[in-house]
Amino acid sequence: MSEEINELLSIILVTSGSRGYKLLFKYPFESKERPDKGKGRAKNPYAVKIAEDFKRIKDQITTSQGALVGLSDESLAFHLGVKSSLLCGEKFNIKIEELRFIGFPVLLDDAPENKTGHKISSFNVIFVLQAKHGPWVVSCYQDLAKQLSVALKHEEERCQYLSIQAKIMSTVYEEVSSLPEDMLSSPFESIIQKSELASQLQQIYDSLNQQGLAQLYINHWIEINFCLPHKLHYLQSGFRSFKKEPESIEKSLKSLRPYHGILLLQSQSVLLETLPVDCTPALSRLVQVANPLRSLQTLALEADLSLFQVFQLVCHLVYWAKAVVIYPLCETNIYVLSPMANTHGSSKLVEDFTQEFPGKSLPVELSEFSFPTQLRDTHTMLSNIGSTDMKVSMVVWMLQRHLLIQLHQYVFFVPRVRRRKHKISDETTKVQIVSDDWNIFDNSLQRSPSFSDAASVTSDESVSLSTPGMLVAQLSKSPSSEFTAESSLTTVTSEENKMFWIMQESVFSNLTGEEKECILHVPAAKNMDDLRMFARLFPYFCGKNHLEEIMYFENLRRSQLLTLIEKFKEVLILCTYQDPTA
Amino acid sequence: MSGTIKCIFYSEFHPTAGPKIAYQVPEEYLSKEHFDAINIYIITKPELQTHLITVNAVGHKIIGCPVRIEDKKYDRNALMFNCCFMFENQTRTARYEPIVKKLASYFRQLELESGFLSDEKKKESIPVILQDILTKLNQSGSCGIFINEFCTIDLKLSSNKEDPKPVQDHDVPVFTSDKPKTMYTNWDLTTHQVLQYIDGYNHVAKIAAEADIEINLVKACLQNLVHIDVITIVSIFQYSNMYAATDSIRNLATDPILQEECLKCVASKARVKPNFRDVFMLFGSLTPGLTVKGLCMRYNPRSLNIDEKKLVQFGLKNKLIRRLHGYPVRLTQNEDMPQSLKKISKWLNGNHCMDEISCKSGLNYKDLDEMIENDASIVMCWK
């Protein structure tokens, strides 16, 4: 963390008005160690003005330790104080070399004439970022800039808050510049002390960089409550950077299912205290019943909320890095050390762990999860109930810090056929059909483009209606009933024929003859019930749904499912890997 | 997201009319009203000259690099111009930035040498040039435009890729496809030398030793090859290695082309293709805790016509499996330790994997493993 330069480099407040552009405040200003010369900002004494060289010029404007080098206050004010009505009320996004300026300029329509004669016609709160950050990060800051600007505009119109603050700031400027040479100090320092708005901007800068949060009231009136999810998640996990893939948060939220559970990252009491006063009571109810052993479905019942609402609240908690989505803890869960886990022998994690579990060492416990371990295997023969509890709480602790990942088992249908390649074209169309089938399921399961939608998708009804198995069951109904009618006529009651019928079912229709034969060669296929069950579960055998998901959708017990897989093991292969959406 | 160039315009500071768009292809893409709103970022104050500026406004994304040439011969003692590329709002434009800068320096050079921009007659060829650049860059990503006998404007779009990670001593380079055909003609001498030793099993330190080239040169050269997709980096093969399947393994189950390629790659004998079920089963049974040696003893891949080395290589290359690295962690901090461990103690903090320690200390894996195994104060984390 420390070696990383803050992504937010500076906050700047600029106004333009009857007396031209003014840079009212910027933070951080030059630190005292730097030689301050003249009012405003100091030029780096070593900086040589190179006009000829295209390459070296770049260095002049990029930042050194967060300060803006190479642009004077006047020039910042000129470029950032937007007057044009075409640009005001719109997102402001200018990139100059390695710096990106994000703002939301606002035009004040009918600002009343100030006594001093200076009238603010527009203002802009600007965040200066390193340009390398992706569009997602940029849009976060864009949102915050908009929130601040709109709040400030409202307060200006309500009670001229901005004008008053601007007056304070420019008075300080004048005072400082009238001081004798040797007493010159940066005007920004005294501005922070005198102006409430300036000190709030300073707070925003500090808390965004340190915690990824901004919580304040503009003029004690309008609440700003904002977070940078990527930063929160990064800080929370301590080592795993979400910066490269902020979409991963969205992705995992879209794949939320009723059988998932949540794991709070703070203790319930701490979390409840930090919730804003006006938050929905549903949220605190959910937090109170939250338990890593229960599924969301159960939590919904316990908190007396609809599943839909629980989904939305969970998304909210995850976004704010207050909780992670897990599969509820149970004995059959398999955990393994995350490839991203920090295994350093002496880190803060290790200290925290020893504090939480005295006498235990984190590296030792981590090394026990080097290989996939079922939760029930962590109990030793001699352990009593107390130590089991401790093991579980250690697992919870490690899950909260993303040190462990859960592995799931997936089933693949891979028959032993002599020639898997037929004609390639033939094969691809086949695969397309299969994937088309899946699209039906996918659409019904995860058609959601947004967070809130994600919740609605897996509400009870849609799940029960749209599971692959149900579809199969519906489809398989007609041929088998037809068959009974027909067979009673022809009085051919051979098992062979029944099998033939099942094999004609839609789920198998895409298979080649050889593949069908392979299925029929399995001894268990002679048993009608087993074969029917196999047909029912067949759509799951392509590695997309883990055992737990199949169990949930098909309402099966683990033992039933495992028995069936065992019976058809000649054509199935089990694989174990992490759920890609987790 | 990676859209095409919508418009290129040449704007200048007119001695009487101020900032204006002199030429624009296609015409009227950026209206005068919009240009006036943002012209302070296009014809800029002197302190921003030759800085790349990207403006996201008025529904467009505009990249420019303002240039100012000072000379008494100009009307206002300076010539100011900016040749800007325009894109749609959401386009990722980072890869166009070097081009804009390069074009600006071409124009500047042309003006200094032959007054290309100040001579009214010569100037008239600008829209044709811009049109040419626009069409060619959008079509092929590069262009070479003949201006006069001294100057050709050469521009090429670089790919949007991130710089590849630095190559480690213990990494193994492997060709992404069959050996490139051009390999013996176009490369520089070092690359030429290094390429001969890339066989998918030699690690970087060994290649450097065998090719008799300084190791940092080899690394730089390999990193370059990774960047242009000729090779990819996998981990070194040992029978004591452990691997785990990743979720990409399901691509193998569903993609017939990948299956074909896989069967061709992993076969131990060129003529007999292994059965796909066997191959998939071997991939599926790779799990933390089971070494390749263990896998061989359990399934005897050779009898299934599968070469386990090639199997692992194919899996790593296509990210179907990932290697598990062992990270030894020494639990005590005291200096009291057996003589043999002293040499490697600085790597026992849990941040260095066995491959790295083995490569840096020069100890072979077996000895190293024994030393660590025999010391109760060291635990091993596999991840």
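Rules behind the numbers
Residues numbered from 1 in each chain as written. Chains lettered and ligands numbered in written order. Predicted model: local features only at pLDDT ≥ 70, side-chain atom pairs only at ≥ 80, totals over all residues. Heavy atoms only, no water. Helix = DSSP H or I, 4+ residues; strand = E, 2+ residues; numbered from the N terminus. Contact = heavy atoms within 4.5 Å. Buried area = accessible area lost by both parts, 1.4 Å probe. Salt bridge = Lys/Arg side-chain N within 4 Å of Asp/Glu carboxyl O. Polar contact = N/O pair within 3.5 Å; in protein donor to acceptor, adjacent residues only side chain to side chain. Nonpolar A, V, L, I, M, F, W, Y, C, P; charged D, E, K, R; others polar. Buried < 20%, exposed > 50% of the residue type's maximum accessible area, 1.4 Å probe, protein only. Pairing = 2+ DSSP bridges. Axes fitted to C-alpha atoms, helices over the stretch in contact; angles between N-to-C directions. Parallel < 35°, antiparallel > 145°, perpendicular 65-115°, else oblique. Core = buried A, V, L, I, M, F, W, Y, C linked by side-chain atoms within 4.5 Å.

1. Quick notes on the overall build of chain B
So, point 1. The helix and strand tally for chain B stands at 15 helices and 14 strands.
So, point 2. Restricting the contact set of chain B to residue pairs at least 6 apart, pairs at least 24 apart contribute 62%.

2. Regarding the interface of chain B and chain A
Reports of interface size often rely on the accessible area that becomes lost once the parts have come together.
So, point 1. Contacts between chain B and chain A engage 61 residues on the former and 62 residues on the latter.
So, point 2. Of the roughly 5,400 Å² buried where chain B meets chain A, counting both sides, 63% is carbon and sulfur surface.
So, point 3. Sorting the residues of chain B by area buried against chain A places R250, R277 and K383 of chain B first, and these three jointly supply 13% of that buried surface.
So, point 4. Our count for the chain B to chain A interface comes out at 3 salt bridges.
So, point 5. Here E97 of chain A makes a salt bridge to K101 of chain B, at a shortest N to O gap of 2.9 Å.
So, point 6. Where chain B touches chain A, the interface holds 21 residue pairs in polar contact (both at pLDDT 80 or more).
So, point 7. At 6 residues, helix 10 (residues 276–285) of chain B tops the list of elements feeding residues into the side of chain B that touches chain A.
So, point 8. Looking at the side of chain B that touches chain A residue by residue, the class counts come to 29 nonpolar, 17 polar and 15 charged.

3. Side note on the pattern of salt bridges
So, point 1. Inspection of the entire model under this criterion finds 26 salt bridges over all chains.
So, point 2. Where K6 of chain B meets E88 of chain B, a salt bridge forms, and the shortest distance between an N and an O atom there is 3.7 Å. Of this pair, K6 of chain B sits in the segment before strand 1 (7–14) while E88 of chain B sits in strand 6 (residues 78–88), placing them 82 residues apart in sequence.
So, point 3. The exposure class of K6 of chain B is partly exposed, given its relative accessible area of 26%.
So, point 4. Residue E88 of chain B is classed as partly exposed on the basis of its relative accessible area, which comes to 45%.
So, point 5. A salt bridge links R302 of chain B to E308 of chain B, with the shortest nitrogen-to-oxygen separation between them at 3.4 Å.
So, point 6. The exposure class of R302 of chain B is partly exposed, given its relative accessible area of 42%.
So, point 7. Given the relative accessible area of 5%, E308 of chain B is considered buried.
So, point 8. Sharing partners across several salt bridges, the network here consists of E365, E368 and K391 of chain A.

4. Thoughts on the side chain of T373 of chain A
Residue and element names in this part refer to chain A.
So, point 1. For T373, the location among the structural elements is in strand 12 (residues 373–374).
So, point 2. What makes T373 buried here is its relative accessible area of 13%.
So, point 3. Polar side-chain contacts of T373 include one of 2.7 Å to the backbone oxygen of F371.

5. Section: the pairing of strand 14 (residues 542–546) of chain A
Residue and element names in this part refer to chain A.
So, point 1. The element strand 14 is extensively covered by neighbouring structure, given that 4 of its 5 residues are classed as buried.
So, point 2. As paired elements, strand 13 (residues 404–413) and strand 14 share 2 bridges and run antiparallel to each other. Across the sheet, residue F412 finds its bridge partner in strand 14, namely C542.

6. Digging into the packing of helix 4 (residues 161–178) of chain A against helix 6 (residues 196–211) of chain A
Residue and element names in this part refer to chain A.
So, point 1. Look at helix 4 against helix 6: their axes get within 8 Å of each other, and the N-to-C directions meet at 90°. Compared by their axis directions, helix 4 and helix 6 come out roughly perpendicular. Counted together, Y161, L162, Q165 and M169 of helix 4 and E196, L197, A198 and Q200 of helix 6 form the full contact between these two elements.
So, point 2. Taken together, the residues that form the contact of helix 4 with helix 6 break down as 5 nonpolar, 2 polar and 1 charged.

7. Topic: the nonpolar core
So, point 1. Core analysis: the biggest nonpolar cluster contains 110 residues, and F25, F101, F127, I204 and L208 of chain A have the highest contact counts within it.
So, point 2. Broken down by element, the residue count for this core peaks at 10 residues, all from helix 3 (residues 135–159) of chain A.
So, point 3. The residues touching F127 of chain A, leaving out its near neighbours within four places in the chain, are L8, S10, I11, R100, F101, I102, Y141, L144, A145, L148, I204 and L208 of chain A.
So, point 4. In this structure, F85, L110, L130 and L137 of chain B belong to the second largest nonpolar core, which totals 39 residues.

8. Concerning unusual backbone geometry
So, point 1. A cis amide bond, omega -5°, links Y27 of chain A with the succeeding residue P28 of chain A.
So, point 2. Position of P28 of chain A among the secondary structure elements: in the loop between strand 2 (20–27) and helix 1 (57–61).
So, point 3. In this model, V25 of chain B is joined to P26 of chain B through a cis peptide bond whose omega is -15°.
So, point 4. One can find P26 of chain B in the loop between strand 2 (18–25) and helix 1 (32–38).
So, point 5. Look at N77 of chain B: it is not a glycine, yet its phi comes out positive at around 65°.

No statement about biological role is implied by the geometric values presented.
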